[in-house]
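These are the residues of each chain, in order.
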Protein chains: 4
Amino acid sequence: MKNTKNKARILIDCADAKGLVYLVSKIFFQRGLNIDSNQEFVDKESGKFFMRTVVSGDFNANDLKMELGRVLPSHANLRLVIPKKKTIVLLVTKESHALGDILIRHSAGELDAEIKAVIGNHKTLEQLVVRFDIPFHYVSAQGVNRTEHEYEVMRKINSYDFDYIVLAKYMRILTEHFVSHYTQKIINIHHSFLPAFIGANPYKQAFERGVKIIGATAHFVTSDLDEGPIIAQNIIPVNHRFDWRDMQRAGRDVEKSVLSRALSLVLNDRVFIHGNKTIVF
Amino acid sequence: MKNTKNKARILIDCADAKGLVYLVSKIFFQRGLNIDSNQEFVDKESGKFFMRTVVSGDFNANDLKMELGRVLPSHANLRLVIPKKKTIVLLVTKESHALGDILIRHSAGELDAEIKAVIGNHKTLEQLVVRFDIPFHYVSAQGVNRTEHEYEVMRKINSYDFDYIVLAKYMRILTEHFVSHYTQKIINIHHSFLPAFIGANPYKQAFERGVKIIGATAHFVTSDLDEGPIIAQNIIPVNHRFDWRDMQRAGRDVEKSVLSRALSLVLNDRVFIHGNKTIVF
Amino acid sequence: MKNTKNKARILIDCADAKGLVYLVSKIFFQRGLNIDSNQEFVDKESGKFFMRTVVSGDFNANDLKMELGRVLPSHANLRLVIPKKKTIVLLVTKESHALGDILIRHSAGELDAEIKAVIGNHKTLEQLVVRFDIPFHYVSAQGVNRTEHEYEVMRKINSYDFDYIVLAKYMRILTEHFVSHYTQKIINIHHSFLPAFIGANPYKQAFERGVKIIGATAHFVTSDLDEGPIIAQNIIPVNHRFDWRDMQRAGRDVEKSVLSRALSLVLNDRVFIHGNKTIVF
Amino acid sequence: MKNTKNKARILIDCADAKGLVYLVSKIFFQRGLNIDSNQEFVDKESGKFFMRTVVSGDFNANDLKMELGRVLPSHANLRLVIPKKKTIVLLVTKESHALGDILIRHSAGELDAEIKAVIGNHKTLEQLVVRFDIPFHYVSAQGVNRTEHEYEVMRKINSYDFDYIVLAKYMRILTEHFVSHYTQKIINIHHSFLPAFIGANPYKQAFERGVKIIGATAHFVTSDLDEGPIIAQNIIPVNHRFDWRDMQRAGRDVEKSVLSRALSLVLNDRVFIHGNKTIVF
């Protein structure tokens, strides 16, 4: 494997300490690796250090990771990722805009992920998914309780090898059991500009409040409903001529673009989760 | 006064009814008035009609208003405004960005308002105001209770003839007594993207929540704190490199531009208050 | 047909004259029609009047149109449109983002148009189109000259009944013959923030200029390349870390959302063409 | 000076080479300096390396700079800046919005610069400047040719010690002589979204083109008129109801905020000039 040109994303988060950049970059230098890109950040309040470096050259991934681990403080998180397409499973309900945007990117080879399957609690989107030769699983919530339904959804999810679960307008509330089973693996698009308008029909709430701007928030899901680390947000202006359905329509365009942007950041290992926040390089 | 070319802004809000546009435009036509601009809106939910027309020509304002009143439904709100500079009183605390933007526009003749006075609960901004030859009144809140302080502020305000009170980062909570005394006359800039982060130090809240966007909201003040009709909103993107002071700095730029835009809309009689919302033409 | 509740969009553009709003609204009033929405605009420079009214009630479309025509100045443009799905033909090359967004909206029933066919000068997008059960026609430009190719494209287009031709990233230059044959019927998405960076590979141009913002422009096509009336524009911020391919990727997201917004405005008869500009209600 | 806690901004741009981050961070580590923030970027096309590090600790600035210089490639640009208020001279004509925004920030202590003087080719803004106890120099262009006028302006400028010249809506064209005399020292706000609408009255041009967005561009001035490296850009949406004066008004708000943002970036040594582009950390 000597002449192979490898590429790796090195992701470090750990307690801040003097010399971290020096110690890490020394290893890259001594191994003759190229630094394709490099970003660091120190969160002063918590005293945490974050670093994302893309290196290329001739290296053995395990050796490199071990060597890096030796110079880092104890309890450091160290990831060495060889870039390749990640895998995702999508959960949906009835709305097609967020799912559709991801399917189109996928079919154009622009997604940086392979879609393993789409799971819906309604059949509405089955035809759309099947058009793209992707498995669709209908898991009805009719006649079963929340626990039973979620158990069935998890069984479907777990039958796939996946890196992330994407909630592309999945309109069911997830239990703490579900969320804690897939820690830091669930990405959601929230139909609002968090922390505003938490709960049902945010567009009606927004309309009734007479807002002049509609937003959307993509975030990791934690057990606190709608309160996980924010990955990306954006907005669109509205005015009094918008009824709440118009606001919903405008909101959908923001939702899908924000979810796709967040997904792209996560799939490229550009996002660190830090407590209830994210560091995005 | 026959040959004079007058201009008037006609503002109507009333229960919707068939023929309103016809009945109103008929009056303008029969009087030979020019319609310089005209906008209408019907809020279907409440069945309310809003119309703002700018007419020019030869007319007697009282006659015209009376004639219009006769064709409108009962309980209609009808305003006929001859365009001229309105008057405002500003309330401030220590921060200069919102006040400064208004002072610069004022001194360039671009404000559509005459600033009658600035009242501060701190002396910090006195020098800035005086530089522009505008009266500054320092009403200290030291050693007096809220009611006494507000009484003094109201006494100062009431010594001026004014159309609107502008809270340009006035950091005192107003009592219901104050607010109800100046109904639909108080404009505030809220240091946040309402309805998010209500309360003290919103930038610290935003920072702790890890938001990717900072907003500001200009609104009329009602007795519900931070809950009055929204006039204008805008946002600015931020990221993890912003500490809460950076967010505050970024937020100030949005605050001042949103307040100035809202003020310009109000001063040009472009804003209808409709329940807890606004119609902005 | 007496008790039927009809709806019509009335679109008027003509020389401005006193009493137009009165004369038109009088007709609606006397016929007992409801005005669902109404917007007017007078372009003072050219002395042109624009009006878009949505009325509902019991009417005969031909009678109503004739009656309206009688009160308008000569040479007035008057359209009375009964709302229904319009029909479109799409022209594409290789990129799927703009087409894909339209296909997803179409399949969700959110497009306000029926897609009659997609015509490509490459086969790249055939599979995507066929997935949605929409006819795809491949008209190769290989081995034929521009005139011959365009003739073949026009033959395909003309075999369909259509309201608009949408260039969803069609990368061939159209001849004046083509453009003048479909006056005011062709909508294009320009890969740039017009009037900047006209011509080939605008993202490379933008990159080389070191811009901090990338834009896109949807416009009607006239014989002046990239110079037709602008319908909608938007932008996305970029920075020095974007190479030109990153800029292109970012640009695509703006392109597709701007094209879809422009299309929605046109399909809802909200756009007047006025010389080289648009009035958008 | 042993116990003093110093702070320095280290700015490096040079040919890219392996080990640069290692070699530089080694020096910081061995000297026991804290890295407060650190950003790097490699422009692959030109093979150039950019690094901005803020260090704090106990150091002698000259020694540190010399040591850093020894490990960098030849022809490297190396700056070591001890943070302190920079100094600026402003050139203005008649419009007050850009100047006013800077004056307000200055008077609030938020500018990171000391304003040495304002030079105007009209007297219009004298009163405003004098209100803030800042010297104003009126250099009339009446009755003298361009060279003579510019000579006089330069004489005034050169009588001050300054870091940057800020053109805050200075409406005179500068000669190549002037520009080359202050290389990389002149910051301009362009009344348009470059590269569009170069030349006189861009708002009239924008109006005539029927744009839906108005922009502004802050850039360094080079001998190519309006073609220097872009520092910051932003936009504001407009519509058909804006005449060109409305567009100008809207444009002014963008102009002043873009100029102030660019100025803040430059004053904090966050901007590298790289050919006709900027790297902004």
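Definitions and limits used
Residues numbered from 1 in each chain as written. Chains lettered and ligands numbered in written order. Predicted model: local features only at pLDDT ≥ 70, side-chain atom pairs only at ≥ 80, totals over all residues. Heavy atoms only, no water. Helix = DSSP H or I, 4+ residues; strand = E, 2+ residues; numbered from the N terminus. Rg over C-alpha atoms; globule rule 2.2 N^0.38 Å. Buried < 20%, exposed > 50% of the residue type's maximum accessible area, 1.4 Å probe, protein only. Areas by Shrake-Rupley, 256 points an atom, 1.4 Å probe, with all protein chains shown as cover. Lys, Arg positive; Asp, Glu negative; His and termini not counted. Charge placed at Lys NZ, Arg CZ, Asp CG, Glu CD. Least-squares fit on C-alpha atoms with pLDDT ≥ 70 in both. Contact = heavy atoms within 4.5 Å. Salt bridge = Lys/Arg side-chain N within 4 Å of Asp/Glu carboxyl O. Expected span 1.5 Å × (residues − 1). Arc of directions from axis to C-beta. Buried area = accessible area lost by both parts, 1.4 Å probe. Polar contact = N/O pair within 3.5 Å; in protein donor to acceptor, adjacent residues only side chain to side chain. pLDDT = per-residue confidence, 0-100. Domains from an automatic or database assignment. Nonpolar A, V, L, I, M, F, W, Y, C, P; charged D, E, K, R; others polar. Pairing = 2+ DSSP bridges. Axes fitted to C-alpha atoms, helices over the stretch in contact; angles between N-to-C directions. Phe/Tyr/Trp six-rings, centres within 6.5 Å; stacked < 30°, edge-to-face > 60°. Lys NZ or Arg CZ within 6 Å of the ring centre and 35° of its normal. Right-handed = clockwise from strand over helix to strand, strands pointing away.

Caption draft 1: Summary view of the overall build of chain A. Counting secondary structure elements, chain A contains 8 helices and 13 strands. Taken over the C-alpha trace, chain A has a radius of gyration of 21 Å; the compact-globule value for 281 residues is 19 Å, and the two agree within 12%. Taking the principal axes of the C-alpha coordinates as reference, chain A spans close to 60 × 40 × 35 Å. Counting over 281 residues, chain A shows a buried share of 57%. Surface exposure of chain A reaches about 11,800 Å², of which carbon and sulfur atoms provide 48%. Measuring between centres, the 38 positive side-chain charges of chain A sit 3 Å from its 31 negative side-chain charges.

Caption draft 2: Geometry of the relation of the copies chain B and chain C. Between chain B and chain C, which share one sequence, the superposing operator has a rotation angle of 180 degrees and an axial displacement of 0.0 Å; the RMSD is 0.0 Å. Such a combination of rotation and displacement between the chain copies is what one expects of a two-fold axis. In terms of proximity to the rotation axis, the leading residue of chain B is Tyr-22 of chain B, whose C-alpha is 2.7 Å off the axis. Looking at chain B, 100% of its interface residues are interface residues in chain C too, so the copies touch through the same face.

Caption draft 3: Summary view of the pattern of salt bridges. For the coordinates displayed, the defined rule picks out 58 salt bridges over all chains. A salt bridge links Asp-133 of chain A to Arg-131 of chain C; the shortest N-O distance between them is 3.2 Å. Residue Asp-133 of chain A is located in the loop between α4 (126-131) and β7 (136-138), and its partner Arg-131 of chain C is located in helix α4 (residues 126-131); the two belong to separate chains. Look at Arg-131 of chain C and you get buried, because its relative accessible area is 16%. The residue Arg-252 of chain D makes a salt bridge to Glu-110 of chain B at a minimum N-O spacing of 3.1 Å. Placement of the pair is Arg-252 of chain D in helix α8 (residues 244-267) and Glu-110 of chain B in the loop between α3 (97-107) and β6 (113-120), with the two residues belonging to separate chains. The exposure class of Arg-252 of chain D is buried, given its relative accessible area of 14%. Taking the relative accessible area as the measure of exposure, Glu-110 of chain B reaches 32% and is therefore partly exposed.

Caption draft 4: Expanded view of helix α5 (residues 146-158) of chain B. Residues and elements named next belong to chain B. Here α5 contains 13 residues, and its C-alpha end-to-end distance of 18 Å stays within 8% of the 18 Å for a straight helix at 1.5 Å per residue. Along α5, the residues classified as buried are His-149, Glu-150, Val-153, Met-154 and Ile-157. Down the axis, α5 shows its buried residues gathered within 135 degrees of arc, on one side only. Among the exposed residues of α5, those pointing more than 90 degrees away from its buried face are Thr-147 and Tyr-151.

Caption draft 5: Representation of the interface of chain B and chain C within the structure. Taken together, the contacts link 14 residues of chain B with 14 residues of chain C. Carbon and sulfur atoms make up 58% of the surface buried where chain B meets chain C, a total of about 1,500 Å² over both sides. The interface formed by chain B and chain C holds 0 salt bridges in total. Scanning the region where chain B abuts chain C turns up 9 residue pairs in polar contact (both at pLDDT 80 or more). Those elements giving two or more residues to the side of chain B that touches chain C turn out to be α1 (20-30) and β2 (34-43) of chain B. Residue contributions to the side of chain B that touches chain C peak at 5 residues, all from α1 of chain B.

Caption draft 6: The confidence of the model for chain A, seen in detail. Averaged over all residues, the pLDDT of chain A equals 92, while 95% of them reach at least 70. Across the predicted assembly, pTM comes out at 0.91 and ipTM at 0.89.

Caption draft 7: Up close: the interface of chain B and chain A. If you look at the interface, chain B gives 33 residues, while chain A gives 33 residues. Summed over both sides, the interface of chain B with chain A buries roughly 2,900 Å², with 58% coming from carbon and sulfur. Looking at the side of chain B facing chain A, the largest losses of area belong to Arg-209, Lys-212 and His-240 of chain B, adding up to 25% of the total buried there. Taken together, chain B and chain A are joined by 0 salt bridges. Applying the counting criterion to the chain B and chain A interface returns 12 residue pairs in polar contact (both at pLDDT 80 or more).

Caption draft 8: Just the domain arrangement of chain A, in detail. All names here are of chain A. When its domains are assigned, chain A resolves into domain 1 (3-81) and domain 2 (86-280). Distance from the C-alpha centre of domain 1 to the C-alpha centre of domain 2: 32 Å. With 14 residues of domain 1 at the contact, the number on the domain 2 side is 9 residues. For the domain 1 and domain 2 pair, buried surface summed over both sides reaches about 960 Å², with 55% attributable to carbon and sulfur atoms. If you sort the residues of domain 1 by the area they bury against domain 2, Arg-9, Phe-50 and Arg-52 come out on top, with a joint share of 48%. One can count 1 salt bridge joining domain 1 with domain 2. Asp-269 is the partner of Arg-9 in a salt bridge, and the nearest nitrogen-oxygen pair spans 2.7 Å. Linking domain 1 with domain 2 are 6 residue pairs in polar contact (both at pLDDT 80 or more), by the criterion used here. Grouping the constituent residues of the side of domain 1 that touches domain 2 by class yields 6 nonpolar, 2 polar and 6 charged.

Caption draft 9: Layout of the sheet that holds strand β5 (residues 86-92) of chain A. All names here are of chain A. Read from one edge to the other, the open sheet built from 7 strands follows the order β7-β6-β5-β8-β9-β10-β11, with strand pairing classed as mixed. Looking at the sheet topology across the chains shown, the edges are occupied by β7 and β11 (230-237). Across the sheet, the mean angle from the axis of one strand to that of its neighbour is 20 degrees, orientation sign disregarded. The strands touched by helix α3 (residues 97-107) are β5, β6 (113-120) and β8 (164-167); relative to β6, the strand with the most contacts, the crossing angle is about 150 degrees.

Caption draft 10: How the structure looks around the packing of aromatic side chains. Under the defined criterion, the tally for this structure stands at 24 aromatic pairs over all chains. Three or more aromatic residues joined by ring pairs make a cluster, and in this case those are Tyr-22 and Phe-29 of chain A together with Tyr-22 and Phe-29 of chain D. Directly above the ring of Phe-207 of chain C sits Lys-277 of chain D, whose terminal nitrogen or CZ lies 3.2 Å from the centroid.

Caption draft 11: Summary view of the sheet that holds strand β5 (residues 86-92) of chain C. All names here are of chain C. On the basis of which strands lie adjacent, the open sheet formed by 7 strands has the order β7-β6-β5-β8-β9-β10-β11 and mixed pairing. Each of the sheet's edge strands pairs with one partner strand only, and the pair in question is β7 (136-138) and β11 (230-237). Across the sheet, the mean angle from the axis of one strand to that of its neighbour is 20 degrees, orientation sign disregarded. Strand direction decides the pairing type here: strand β8 (residues 164-167) and strand β9 (residues 186-190), joined by 3 bridges, are parallel. Counted as the bridge partner of Leu-167 is Asn-188 from β9. Packing of helix α8 (residues 244-267) onto the sheet brings it into contact with β5, β6 (113-120), β8, β9, β10 (213-220) and β11, and relative to β11 it is tilted by some 150 degrees.

Caption draft 12: Quick look at the relation of the copies chain B and chain A. Mapping chain B onto chain A calls for a screw motion: a turn of 180 degrees about the axis and a shift of 0.0 Å along it, with 0.0 Å RMSD after fitting. Comparing interface residues between copies, 100% of those in chain B also lie at the interface in chain A; the contact surface is shared.

Caption draft 13: Structural view of α3 of chain A. All names here are of chain A. Among the 11 residues that make up α3, 9 are buried, leaving the element largely enclosed by the rest of the structure. Looking only at α3, the buried set comprises His-97, Ala-98, Leu-99, Gly-100, Asp-101, Ile-102, Leu-103, Ile-104 and Arg-105. At the exit of α3 stands Gly-109, carrying a positive phi of roughly 70 degrees.

Caption draft 14: View of unusual backbone geometry. In this structure, Asp-112 of chain C takes a positive phi of about 60 degrees despite not being glycine. Take Asp-112 of chain C: its relative accessible area is 32%, and that puts it in the partly exposed class. Unusually for a residue other than glycine, Asp-269 of chain D sits at a positive phi of about 55 degrees.

Caption draft 15: Examining the pairing of β6 of chain A more closely. Residues and elements named next belong to chain A. Of all the 8 residues making up β6, 6 are buried; the element is thus mostly covered by neighbouring parts of the structure. On the question of chirality, the crossover connecting β5 to the parallel β6 by way of α3 is right-handed. Strand direction decides the pairing type here: β6 and β7, joined by 3 bridges, are parallel. Looking at β7, one finds that Gly-120 is bridged to Tyr-138.

Caption draft 16: Quick look at the environment of Ala-17 of chain A. Residue and element names in this part refer to chain A. Assignment of secondary structure puts Ala-17 in the loop between β1 (6-15) and α1 (20-30). Accessibility expressed as a relative area gives 36% for Ala-17, which makes it partly exposed. The spatial distance from the C-alpha of Ala-17 to the C-alpha of Phe-49 is 7.9 Å, given a sequence separation of 32 residues.

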